[in-house]
Amino acid sequence: MSNKIAVIGLGYVGLPLAHAFSSKYKVVGFDIYQTRIDELKAGVDRTLELSSEQVNEAISNGMEFTNQLEDIADCNIYIVTVPTPIDKHKKPDLTPLLKASESIGKVLKKDDIVIYESTVYPGATEEDCVPVLEKFSGLKFNQDFYCGYSPERINPGDKEHTVTKILKVTSGSTPEIGEIVNELYASIITAGTHLAPSIKVAEAAKVIENSQRDINIAFVNELSMIFGKLGIDTNDVLEAAGTKWNFLPFRPGLVGGHCIGVDPYYLTHKAQEIGYNPEIILAGRRLNDNMGIFVANQVIKLMIKQGKKIEGAKVLVLGITFKENCPDIRNSRVIDVIRELEDFGCSVDVSDYWADKDEVQREYNIELKKDTQIDIESYDAIVLAVAHDEYKNLDLKVSDQVVFDIKSVLDRADGRL
C-alpha cells in the first residue's frame, strides 16, 4: 500500500516537513486556523521557513492544505507537529497535543500509524496520547493501530540546517513499526536516521538536547555576571578559553523561544512526578529566566553613571523575536527587559525588522515602531536585544547615549553580557 501522509500542525516544524515529504508522497497539511490555510494556498508562509516558490512547489506536487477532518480520513500515516508549551506555572500544557490526538482518533483506521514529533517528557506518547487515540477511534493500540515518535530538530530561521539535512531520530511502538517509521523518514532525510530502541528513549533524547543547551548557556550567563563584577569582558575570556580544542563555544544571552526555554520544564515535571527533584536543570532555568531583569538593571546602572534621570527616560529596544533573522516571537525573553525598564519608569520603544506588527500587538500589547519613526539621537539608551543582520552595522553611539549590546555584535557599546 502506498503511503498517504497527513501532517497535523503547519507551523515552523510541520510545514517544512510536509514540503519535504511532498516530493515523494501524497501529503495533506492540516491546521485548525483558516487564515493559515488560506495563506498557504496562496503560496505565503508567514513563518518564512519556506519561500513562496517552495510552498507552490509542494502544491504542484499535489500537496493539499485543509482544516477539515474529512480531508485527512483516507491517510494512513499521521504526523503530529503541534506546539507543546508550558502554562503560567511552568507546567507542561499538553492541550494542543491531546486535541490533535482527539481529531486523529475520529478518523483513525485499522493499521494506521500515528507519529508524534512534538517535544514531550518520556512516556507522554504512550501514557497520554495513546489513550485519547483509543477512546475516539474505538481501536486497540498495537493491535489495530500503531505509533511512532520522531522528535523535531528544526532550527527556526536556519537556512543551512534544514529538515532533510538534520539527522533524524526515529522510533516505533513495536520493533516492526520502528523499522517502518525509520524507512519512511530515511526516504527523505539525506543526513540519515537513528532508530531508537523505544518511543521513550526517543522522547528522552529530544528533551535532553535542549536541556543540555539551557544548562550550558546558564553557565556562561553566570560567568558574565561574575566577570562583570570583576571588570573583565566576558567575550574576551571566552575567546581565550575557546583556544582549547574541547571548550564548548556557548555565549551569554537571553534564552527564550519555544524549545530551549520550555523543554527543560517537561523533563523536570516528569522527574518530580516520579519523586526526584532535579537541581541542576532547575537552577539553570531560574538563572536564564532572570537574565532579562539582570540586563535591564545593568542598563539602568549605566544610565545612572552618566547622570541620566531614569524616570521618563527614553529607551529604544532593537529586536523582540526570540532569535536573530527569524520572525518567531514565541516565549521571547526580550519582553522581560522591556517590562523591567518600564517598571523603573522608562518610556520604552521597540523596533524589529522581522517581527509581525499585529502579532506583537496581540501577544505583548506593544506597538512596534517603524524604522522611519525612529530618531536614534532622541533616546537616552539603546538596547540591542536581537542580532538581526540589519542591526550589526548600525552606528548607534551618539554623544552621552547609553548603548547596551546583549548579543555582543556592535563595535562600540557601553555594556554587554
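Just above sits the structure.
Residues numbered from 1 in each chain as written. Predicted model: local features only at pLDDT ≥ 70, side-chain atom pairs only at ≥ 80, totals over all residues. Heavy atoms only, no water.

Student: What's the story with a nonpolar patch on the surface in this structure? I'm lost.
Tutor: Among the surface-exposed residues, I226, L230 and I232 lie close enough to one another that they form a single nonpolar patch of about 270 Å² accessible area. Inspection of the secondary structure assignment puts L230 in helix 7 (residues 199–230). The exposed category is assigned to L230, whose relative accessible area is 56%. (Patch = residues over 30% accessible without salt bridge, like charges linked within 9 Å, V, L, I, M, F, W, Y side chains within 5 Å. Areas by Shrake-Rupley, 256 points an atom, 1.4 Å probe, with all protein chains shown as cover. Salt bridge = Lys/Arg side-chain N within 4 Å of Asp/Glu carboxyl O. Helix = DSSP H or I, 4+ residues; strand = E, 2+ residues; numbered from the N terminus. Buried < 20%, exposed > 50% of the residue type's maximum accessible area, 1.4 Å probe, protein only.)

Student: Sorry if this is basic, but what is going on with unusual backbone geometry here?
Tutor: Negative phi values dominate among residues other than glycine, just as trans dominates among peptide bonds. Here K90, not a glycine, exhibits a phi torsion of approximately 65°, which is positive. The residue K90 is located in the loop between strand 4 (77–80) and helix 4 (95–105) in this model.

Student: Sorry if this is basic, but what is going on with the packing of aromatic side chains here?
Tutor: Each aromatic ring pair is summarised here by two numbers: the centre-to-centre distance and the angle between the ring planes. Under the criterion given, the structure shown has 5 aromatic pairs. Positioned above the aromatic ring of W245 is the side chain of K244, whose terminal nitrogen or guanidinium carbon lies 4.5 Å from the ring centre. Above the plane of the ring of Y379 lies K314, whose end atom (NZ or CZ) is 4.7 Å from the centre. (Phe/Tyr/Trp six-rings, centres within 6.5 Å; stacked < 30°, edge-to-face > 60°. Lys NZ or Arg CZ within 6 Å of the ring centre and 35° of its normal.)

Student: Please clarify how the pairing of strand 6 (residues 146–149) should be interpreted in this entry.
Tutor: Judged by which residues are buried, strand 6 turns out to be covered on both faces: Y146 and G148 on one side and C147 and Y149 on the other are all buried. Strand direction decides the pairing type here: strand 5 (residues 113–116) and strand 6, joined by 4 bridges, are parallel. Of the residues in strand 6, the one forming a bridge with V114 is C147. With respect to chirality, the unit in which strand 5 leads through helix 5 (residues 124–137) into the neighbouring parallel strand 6 is right-handed. (Pairing = 2+ DSSP bridges. Right-handed = clockwise from strand over helix to strand, strands pointing away.)

Student: Please explain the side chain of S171 as it appears in this structure.
Tutor: Locating S171 in the fold gives a position in the loop between strand 7 (168–170) and helix 6 (175–186). There is a polar contact of 2.7 Å between the side chain of S171 and the backbone oxygen of Y149. For S171, the residues in contact, after removing those within four places along its chain, are G148, Y149, G178, V181, L195, A196, S198, I199 and A202. (Polar contact = N/O pair within 3.5 Å; in protein donor to acceptor, adjacent residues only side chain to side chain. Contact = heavy atoms within 4.5 Å.)

Student: For this particular structure, what's the right way to read the side chain of T125?
Tutor: Relative to the helices and strands, T125 resides in helix 5. Here E203 takes part through its side chain, which lies 2.6 Å from a polar atom of the side chain of T125. Among all residues touching T125, those that are not within four sequence positions of it are Y116, V130, C147, Y149, I199 and E203.

Student: Any chance you could explain the sheet that holds strand 1 (residues 4–8) here in plain terms?
Tutor: Hydrogen bonds between backbone atoms are what pair the strands of a sheet, whose relative direction is either parallel or antiparallel. Strand order across the open sheet formed by 6 strands is 3-2-1-4-5-6, with parallel pairing between neighbours. Edge positions in the open sheet fall to strand 3 (64–66) and strand 6, since each of these has one partner strand only. In this sheet, neighbouring strand axes are inclined to one another by 20° on average, regardless of whether the strands run parallel or antiparallel. Sheet topology places strand 2 (residues 26–30) next to strand 3; 3 bridges connect them, and they run parallel. By the bridge assignment for strand 3, G29 is matched with F65. Sheet contacts for helix 1 (residues 14–21): strand 1, strand 2, strand 3 and strand 4; angle to strand 1, the most-contacted strand, approximately 170°. (Axes fitted to C-alpha atoms, helices over the stretch in contact; angles between N-to-C directions.)

Purely geometric numbers; function is a separate question.
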